[in-house]
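Chain and residue survey
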Amino acid sequence: MVSDAADTAMLDYAEKLTLTPSAVGQDDVDGLRQAGFSDADILDMAQVTAYFAFVNRIAEGLGVELEPHRRQGANGS
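Our subject in this report is the structure included herewith. (Residues numbered from 1 in each chain as written. Predicted model: local features only at pLDDT ≥ 70, side-chain atom pairs only at ≥ 80, totals over all residues. Heavy atoms only, no water.)

Attention now goes to the pattern of salt bridges. Within the structure shown, the criterion is met by three salt bridges. Close ionic contact of R33 with D30 constitutes a salt bridge, the shortest N to O distance being 3.1 Å. Taken together, the residues span about one helical turn, with R33 and D30 both in helix α2 (residues 26-34) at a distance of three residues. Residues R33 and D39 are paired through a salt bridge, measuring 2.7 Å at the closest nitrogen-oxygen approach. The network of salt bridges with common partners includes D30, R33 and D39. (Salt bridge = Lys/Arg side-chain N within 4 Å of Asp/Glu carboxyl O. Helix = DSSP H or I, 4+ residues; strand = E, 2+ residues; numbered from the N terminus.)

Topologically, D7 is positioned in helix α1 (residues 4-19). Take D7: its relative accessible area is 29%, and that puts it in the partly exposed class. Expressed as a C-alpha distance, the spacing of D7 and L32, which sit 25 residues apart in the sequence, is 9.9 Å. (Buried < 20%, exposed > 50% of the residue type's maximum accessible area, 1.4 Å probe, protein only.)

Take the packing of α2 against helix α3 (residues 39-61) next. Working note: a packed helix pair is described by the angle between its axes plus the distance between those axes. One can describe the packing of α2 onto α3 by two numbers: an axis separation of 10 Å at closest approach and a directional angle of 125°. As judged from the angle between their axes, α2 and α3 are oblique. Handedness of the crossing formed by α2 with α3: right-handed. Packed against α2, whose contacting residues are V29, L32 and R33, the element α3 presents D39, I42 and M45 at the interface. Looking at side-chain class alone, the contact of α2 with α3 contains four nonpolar, no polar and two charged residues. (Axes fitted to C-alpha atoms, helices over the stretch in contact; angles between N-to-C directions. Parallel < 35°, antiparallel > 145°, perpendicular 65-115°, else oblique. Left-handed = near helix turned anticlockwise from the far one by under 90°. Contact = heavy atoms within 4.5 Å. Nonpolar A, V, L, I, M, F, W, Y, C, P; charged D, E, K, R; others polar.)

Structural data, given as structure tokens:
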């Protein structure tokens, strides 16, 4: 089971990779290792983060609009 600290490290990494990818470096990868993640885990994090960035940019770049039921919040409002 992943700890709260590991979850935080993973989410911080994904946020940094999304918002400032050129600022990600070896220290970030080392921090994930110290949090208990394997190299395969870190590769998965990078690939999933990059995939969602790619898909979102394609959709936004083409002006794709969400389906009406996806525009509403999770609580239906």
